[in-house]
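Tertiary structure, described
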Amino acid sequence: METFESVCTLLGCVSGIAASGLLFAAYRLGLLYQLFHKTETKSPRHGGESVAEVLRSHGIKYVFTLVGGHISPILVACEKVGIRIVDTRHEATAVFAADAVARLSGTVGVAAVTAGPGLTNTVTAVKNAQMAESPLLLIGGAAGTLLQGRGALQDIDQMSLFKPLCKFCASVRTVREIVPTVRKALAIAQSGTPGPVFIEFPIDTLYPYHIVSKEFGVKNPPKGLMGKFVSWYMNNHLMNLYAGAWEPRDVSPLPVNIPQATDDQVQKCIELVSRAKKPVILLGSQATLPPMPVDNIRKALEDLGIPCFLGGMSRGMLGKDSPIHIRQNRRDALKEADLVILAGTVCDFRLSYGRVLSRRSKIIAVNRDNTQLLKNSDMFWKPTVAIQGDAGSFLVNLSKGLKGHRCPEEWPQNLKSGDATKEKNNRVKAEEKTDRHLNPLKVLHCVDELMSEDSIIVADGGDFVGSAAYILRPRGPLRWLDPGAFGTLGVGGGFALGAKLCRPESEVWIIYGDGSLGYSVAEIDTFARHKTPVIAVVGNDACWSQISREQVPMLGSNVACGLAFSDYHVVADGYGGKGYLINRDDEEKLSEIIKQAQKDCQEGKATLLNVLIGKTNFREGSISV
C-alpha cells in the first residue's frame, strides 16, 4: 500500500512538473498571450510608427542617422510625425550631434544607425557620451529575431558590445514591446547620473506584417513530422511577433529620478560657507544639467559672490567679463582657499587626482554619481561634506540659505588681478613673431574679439584648442561644447551640427586642430545639405603638436607626428562650403577675412578658415597623457 501511494505521489509530481513545463513553454512561445490579444494580419502599420509616437510624445525634435535598411521604418515614421531626420556622413557624427542636442536642449538626444558596422562605428561616441554624462538614446538595427546567430547580414552580438557603455540595453523581441521599452529607456537616460541607453530593433519588429510574412515565412518546409513542426513554429513566431501590436498604449514620459541634497546637508554647507574667508567654487559640466535652469544657477553664483573656476560645459556660465569668474592661476588659488566647493567637478587627472587641493581646506563635494563624488578620496583628499545630489539645485538652495551673505570682496578682487596680469602677458605673447606663418594666439584673440555675443564655441583638437581654452571667452551659459573627460577627437562636426539646429540664430564656431579636422571634415557636406552653416577655424601647423611637444624632447623623434600644410579650404569648397586660406601674407587682413566668413555664414554658407600657424611656447609643460 505504501509503495502504491509513493508511486502515485511520484507520478503526481512528474505530472505537475510536466504541466509547469508546458505552461512555461506556452508562455515563451506566446501562446497564452495570443489567446487574449489579436494579431492584425491585414494592418499596414509597422513598428517604426510606435518608435516615432513615443519620441514625439517626449519632445524629441531631431533624429540623427546614417541610413540603413534595418532602420528605414523608424526614419520614415519619424519624418511623418514631424521629427526632423538629419543624416550625416559617419555614424559617430550622428551620435556626437545627438550628444550636443542633449546638452543644449535638456532633452534626450537620439541617434539611429543600422546593424553591425553601423553600430560599431558609434562606440567611441557612445563612450564619450557616457563619460560626459549626456542623456542619449542610441537606436540600432539588428538581424531578424529568428536569424540572429545564424549568419545573417551584419549580425553580431551587439548587446555585449554596448552593455559596458550604456545605463540600459534592451533587444525588442515583439512589436508590442516597443512602446514600453522606449519609454523606459528615455526615463533611465535622464535619471540619476544621465548617460546613454541602447535599444536594438530586429528588422522583423519594424516592418509591416505582410512584408515580414513574405520574407520570413516558410516557403518550402521539409516533409514529414519535422516539416509540420517547423511550419507551425515559424507561423506561431510570426503571429506572436505582431500579437497585440496596435492596442492603445501610454506613450507619455515616465517620471525621472534626480538625487537631491537633503535640507540638513544644505544647512551644514551654509554654516561652512558663512565662516569661510577665502572660498572657491569649481564648477563642472554636471552643474548645467536639468532640472535647474542655467540662468537660475548663474544668479545664485552671482549672489554668493564666491570666485569660480569653470570647466567643461560650465564655461560661459558667468558670461565673458564676470568679476567672480577666474580663468588663470587655479593651482595657486586652491592652495590659498580655506573652503572649496566641487560642484559637479571630479578629482581625476584634471585636478591631479585631488592632489591640488590643500589638506587645510574644508571641501564640499556635490555629484550625482557616488563613484565620481568620492574618486581618489581614499588617497589624496577628503571631503568635509560629500553630497550625492544635483549640483545646480544645490547651488541655488545654498544661495537662498545664505541670502544677504557675500564672500569678502577683496578675495575675488585679488584673484582677478592675477587674471589681468596673466592675460596681459598672453596679449604680449600674441604679438610675437613665429618662425613662419601666423601666431596662433593672435588668431585666437582676433576670433574672440569678432565673434558675436550669441556665439556657441565647439572645441575639437589638442594644442590649438588648448590655447583657445585660455583665450576664447564664451558669452553665456551653454555656449561652450567640448568632448569632456574622454578627450575624444572628432566631435567637431557632430557637436556643431547639433548646436546649430538647437540655436539656429547663433553663430556656431568650431575650433579645430588640423589633426582633428580629418575626423569630420566630410560633415561640411552635411552642413550644406541641411542648411546649418557654421564657421570652422583650423589651426594648421602640419603637426600633432600636443604629442610632438613631449615626444621630441623625451624620445628624440617626431615619428608619426608630422602632417602637411594641406589645402583644407579646397576640401571645404568641394563639399559645398566656402574655404579661405590664411597665411602670414594675410596678417593685416585677418579681421577682414573673419568678418567675410561671418557674412558668408549669415547667408547660409558653411565656412572654413584654413589658418597656417607657427609654433609658440605658450603651452610648454602641458600634458597629453
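Presented here is an overview of the structure given in this document. (Residues numbered from 1 in each chain as written. Predicted model: local features only at pLDDT ≥ 70, side-chain atom pairs only at ≥ 80, totals over all residues. Heavy atoms only, no water.)

**As for the packing of helix H10 (residues 209-216) against helix H11 (residues 224-242)**
Between H10 and H11, whose axes approach to 11 Å, the crossing angle comes to 160°. The orientation of H10 relative to H11 falls into the category roughly antiparallel. Taken as a pair, H10 and H11 cross one another with a handedness that is right-handed. In this structure, H10 contributes Tyr-209, Val-212, Ser-213 and Phe-216 to the contact, and H11 contributes Met-234, Leu-238, Met-239, Leu-241 and Tyr-242. (Axes fitted to C-alpha atoms, helices over the stretch in contact; angles between N-to-C directions. Helix = DSSP H or I, 4+ residues; strand = E, 2+ residues; numbered from the N terminus. Parallel < 35°, antiparallel > 145°, perpendicular 65-115°, else oblique. Left-handed = near helix turned anticlockwise from the far one by under 90°. Contact = heavy atoms within 4.5 Å.)

**Focus: a nonpolar patch on the surface**
A surface patch of nonpolar side chains, amounting to about 740 Å² of accessible area, comprises Leu-23, Phe-24, Tyr-27, Leu-32, Leu-35 and Phe-36. At the level of elements, helix H1 (2-28) and helix H2 (31-36) are the ones that each hand at least two residues to the nonpolar patch. Relative to the elements of secondary structure, Phe-36 occurs in helix H2. (Patch = residues over 30% accessible without salt bridge, like charges linked within 9 Å, V, L, I, M, F, W, Y side chains within 5 Å. Areas by Shrake-Rupley, 256 points an atom, 1.4 Å probe, with all protein chains shown as cover. Salt bridge = Lys/Arg side-chain N within 4 Å of Asp/Glu carboxyl O.)

**Considerations on the nonpolar core**
Formed by 106 residues in total, the largest nonpolar core has its most connected members in Phe-64, Leu-138, Ile-281, Leu-342, Ile-364 and Phe-394. When residues in this core are grouped by element, the largest group, nine residues, is from helix H5 (residues 91-105). Sequence-distant contacts of Phe-64, that is, excluding residues within four places in its chain, are made with Val-86, Ala-94, Ala-97, Ala-98, Val-101, Val-110, Ala-111, Ala-112, Leu-497, Gly-498 and Leu-501. Counting 40 residues, the second-largest nonpolar core is a separate cluster that includes Leu-55, Ile-74, Cys-78 and Val-172. (Core = buried A, V, L, I, M, F, W, Y, C linked by side-chain atoms within 4.5 Å. Buried < 20%, exposed > 50% of the residue type's maximum accessible area, 1.4 Å probe, protein only.)

**Describing a positive patch on the surface**
Side chains of Arg-330, Arg-331, Lys-335 and Arg-355 sit close together on the surface and give a patch of like positive charge. As for its position among the elements, Arg-355 is in the loop between strand E9 (339-343) and strand E10 (362-367). (Lys, Arg positive; Asp, Glu negative; His and termini not counted. Charge placed at Lys NZ, Arg CZ, Asp CG, Glu CD.)

**A word on the pairing of strand E16 (residues 578-582)**
Pairing geometry for E16 and strand E17 (residues 607-612), over five bridges, is parallel. For Gly-579, the partnering residue across the bridge sits in E17 and is Leu-608. The parallel pair E16 and E17, bridged by helix H25 (residues 590-602), forms a crossover whose chirality is right-handed. (Pairing = 2+ DSSP bridges. Right-handed = clockwise from strand over helix to strand, strands pointing away.)

**Side note on the state of the cysteines**
The full count for this structure, using the stated rule, is zero disulfides. Residue Cys-269 stays outside any disulfide, its sulfur separated by 15 Å from that of Cys-308, the closest cysteine. The structure places no disulfide on Cys-446, whose sulfur is separated from the nearest cysteine sulfur, that of Cys-601, by 16 Å. Judged by relative accessible area, Cys-446 falls into the buried class, the value being 8%. (Disulfide = S-S within 2.5 Å.)

**A word on H11**
Compared with the 27 Å implied by 1.5 Å per residue over 19 residues, the 28 Å span of H11 between its first and last C-alpha is a close match. Buried within H11 we find Gly-227, Asn-236, His-237, Leu-238, Asn-240, Leu-241 and Tyr-242. Each element contacted by the buried residues of H11 is listed here: H2 and H10. Of the residues flanking the end of H11, it is Gly-244, one or two places downstream, whose phi is positive at about 65°. (Expected span 1.5 Å × (residues − 1).)

**Comments concerning the pairing of strand E2 (residues 84-87)**
Note: strand E1 (residues 62-66) against E2, four bridges, orientation parallel. Note that in E2 the partner of Val-63 across the bridge is Ile-85. A crossover links E1 with its parallel partner E2, the connecting element being helix H4 (residues 72-80), and its sense is right-handed.

Structural measurements only, silent on function.
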